Amino acid sequence: MDSNQGSITTDIVVYAVILLLACAQVFVLRGHLLPMLVVAAIQAYLAVMFFMHLRTEKSTLRLALIPVTLFVLVMMNMVWADSYRLMHMKPFAK
Amino acid sequence: MSEANLAAGHGADVMEARPFAIPSKKLVMWLFIISDACTFGAMLFAYGYIKNAAADWPHPFENSSIMNALLMTFILVTSSLTILIATRHAKGGDKSKALMWTFITVVLGLAFAALHLKEWFGLIGEGVRLFQNPWGAPMFGASFFAVTGLHLAHVVSGAIALTVVALGYKRGRYNSDDLEIWSLYWHFVDLVWMFVVPIVYLMNASAG
C-alpha cells in the first residue's frame, strides 16, 4: 500500500467540504466575484493537496510547481488596465 | 546520489535518481497540469477582459441553469472521489475494485458532459450564437462556448483516457502508477470547473 494515500475518511471529509463550499458560492456569495474566487482558491488548494496528494510529496516538488504557476496567473492580471481603458475611455461599440 | 544500475552485456542502462522522488511520467503529468492551468487561466482572464470591456454583458443564467451548474459540480467532485477510491484500490492490489471505481468515474464524467451539452443546446435554442445573442454584447457566445467548450473537451478526453488506461490496467499493460497519473489529470479537470462556475455562471446569473 502506498503510504502517500492517507485515510479514506480524510478524502471523504475533503470531498464534503469542497461540496459545501460550492453550495456557499451558489447560495450565499452569488454575484460577489472576489469572495467566490477566494472560495474557489480554497477548493483548489484542498483538491491539489489532498486529492492530488501534493501534500505528501517532497517539498521540492511543491516548490517547483506552485510558485511559478501562481506567478504566471498573477501576471495575467495586467490585462485589466486595457479592459478598463476600453470601458472608460472609448465609446461603447453597439 | 544517483543509482547506477548497470545491466550485464551490451547497451547498459544507467538508472538515474527519480526527479523529486516521483516517476518521470508522473512529473510529466504535473508539468502538463501546470501548463494547462496557465491555458485555462488565460482563457478565464480573456473572458473577464471581454466582459469588463462590454457595456451590456448578458446575464442569461436563471435559477434552473445555476442549479444545473451546481448538479454538474456535484457530479464532477464526486467523480474525483471515485477515481481517488479507484487509485486507492489499485495501489492496494485490488484490480477488480479499481476497475469498477474507474468506470464509475467515467460514467460520472459522461453524465457531466451530457448535462453540459443540455445547457449548450438550451442556450442555442434561445438564440445564442458565437457572435450574436438576443440580449447584449455579441462576444458573449464566443467567450462562453470557448471557455466551457475547452473544459468539456478536457472532460471527454479524460473520460476516454481513463477508459483506455483502465482497459490496459486490466490486461496488465499498465500498472497502478499509470492509473494514479491519470487520476491527477482528472482532479485537475475538476479543479478548473471550480473556477469556471463562479466566473462564467454565477457572475452572469439573471436577477430574477
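Reading guide: rules and limits
Residue numbers restart at each chain and count upward from 1, following the sequence in its written direction. The order in which chains are written sets their letters, starting at A; the order in which ligands are written sets their numbers, starting at 1. With the structure being a predicted model, the display of local features is reserved for residues of pLDDT at least 70 and the display and counting of side-chain atom pairs for 80 or more, all residues being used for whole-chain, interface and lining totals. Helix and strand definitions follow DSSP, with helices as H or I runs of at least four residues and strands as E runs of at least two, each counted in order from the N terminus. C-alpha atoms define the radius of gyration, and 2.2 Å times the number of residues to the power 0.38 defines the globule rule. Contact definition: two residues whose C-beta atoms, as placed from backbone geometry, lie within 7 Å. Asp, Glu, Lys and Arg are counted as charged, while Ala, Val, Leu, Ile, Met, Phe, Trp, Tyr, Cys and Pro are counted as nonpolar; the rest, among them Gly, fall into the polar class. Note on scores: pLDDT gives the predictor's confidence for each residue, bounded by 0 and 100. Whether a residue is buried, exposed or partly exposed follows from its count of other C-beta atoms within 10 Å of its own C-beta, namely 20 or more, 12 or fewer, or something in between, respectively; the C-beta atoms are built from the backbone. Residues enter a nonpolar core if they are buried, belong to Ala, Val, Leu, Ile, Met, Phe, Trp, Tyr or Cys, and are joined to the set through C-beta atoms within 7 Å. Between the N-to-C directions of two axes lies an angle of 0 to 180 degrees, each axis being a line fitted to C-alpha atoms and, for a helix, fitted only over the stretch in contact. Should an angle fall under 35 degrees it is taken as roughly parallel, and over 145 as roughly antiparallel, whereas 65 to 115 is taken as roughly perpendicular and any remaining angle as oblique. Crossing handedness: left-handed means the near helix sits turned counterclockwise from the far one by under a right angle, and right-handed means the same turn made clockwise.

Draft legend 1. Highlighting the overall build of chain B. Within chain B, the secondary structure is distributed over five helices and zero strands. Order of helices (α) and strands (β) in chain B, N terminus to C terminus: α-α-α-α-α. Here the C-alpha radius of gyration of chain B, 21 Å, is well above what a compact globule of 208 residues would show, namely 17 Å. For chain B, the C-alpha atoms occupy an extent of roughly 70 × 35 × 20 Å along the three principal directions. Look at the contacts in chain B between residues 6 or more apart in sequence, and 70% of them connect residues 24 or more apart.

Draft legend 2. Structural detail: the interface of chain B and chain A. Counting from both sides, the interface comprises 36 residues of chain B and, opposite them, 39 residues of chain A. Going through the elements one at a time, helix H1 (24-53), helix H2 (63-91) and helix H5 (176-201) of chain B are the ones with two or more residues in the side of chain B that touches chain A. When the residues that make up the side of chain B that touches chain A are grouped by side-chain class, the tally is 27 nonpolar, six polar and three charged.

Draft legend 3. Representation of the environment of Ile66(B). Locating Ile66(B) in the fold gives a position in helix H2. Once residues lying within four places of it in the same chain are set aside, the contact partners of Ile66(B) are Val26(A), Phe61(B), Tyr201(B) and Ala205(B).

Draft legend 4. Region of interest: the confidence of the model for chain B. Here chain B averages 90 in pLDDT, and 92% of its residues register 70 or above. The low-confidence segment residues 1-12 of chain B (pLDDT under 50) makes 13 contacts with residues lying over four places distant or belonging to another chain.

Draft legend 5. A look at unusual backbone geometry. Positive phi, close to 60°, is recorded for His53(A), a residue that is not glycine. For His53(A), the position within the fold is in the loop between helix H2 (33-51) and helix H3 (59-75). The exposure class assigned to His53(A) is partly exposed, which follows from the 19 C-beta atoms found within 10 Å. Residues other than glycine seldom take positive phi values, yet Ala21(B) does so here, at roughly 60°. With respect to the helices and strands, Ala21(B) occurs in the segment before H1.

Draft legend 6. Expanded view of the nonpolar core. Ranked by size, the top nonpolar core spans 72 residues in total, and within it Ile18(A), Tyr185(B), Val192(B), Val196(B), Val197(B) and Val200(B) carry the most contacts. Secondary structure elements with two or more residues in this core: helix H1 (8-27) and H2 of chain A together with H1, H2, helix H3 (95-125), helix H4 (140-171) and H5 of chain B. The element best represented in this core is H5(B), accounting for 18 residues. Sequence-distant contacts of Val192(B), that is, excluding residues within four places in its chain, are made with Phe40(B) and His151(B).

Draft legend 7. Representation of the packing of H2(B) against H3(B) within the structure. All names here are of chain B. At a closest axis distance of 8 Å, the pairing of H2 and H3 adopts a crossing angle of 165°. In terms of orientation, H2 and H3 fall into the roughly antiparallel class. Where H2 crosses over H3, the handedness of that crossing is left-handed.

Draft legend 8. Inspection of the packing of H4(B) against H5(B) at higher detail. All names here are of chain B. Here H4 crosses H5 at 160°, and the two axes come no closer than 10 Å. Viewed along their axes, H4 and H5 adopt a mutual orientation that is roughly antiparallel. Here the hand of the crossing between H4 and H5 comes out left-handed. Where H4 approaches H5, its residues Phe144, Val147, Thr148, His151, His154, Val155, Gly158, Ala161, Leu162, Val165 and Tyr169 are matched on the opposing element by Asp178, Leu179, Trp182, Tyr185, Trp186, Val189, Val192, Trp193, Val196 and Val200. Split by residue class, the contact of H4 with H5 holds 16 nonpolar, four polar and one charged.

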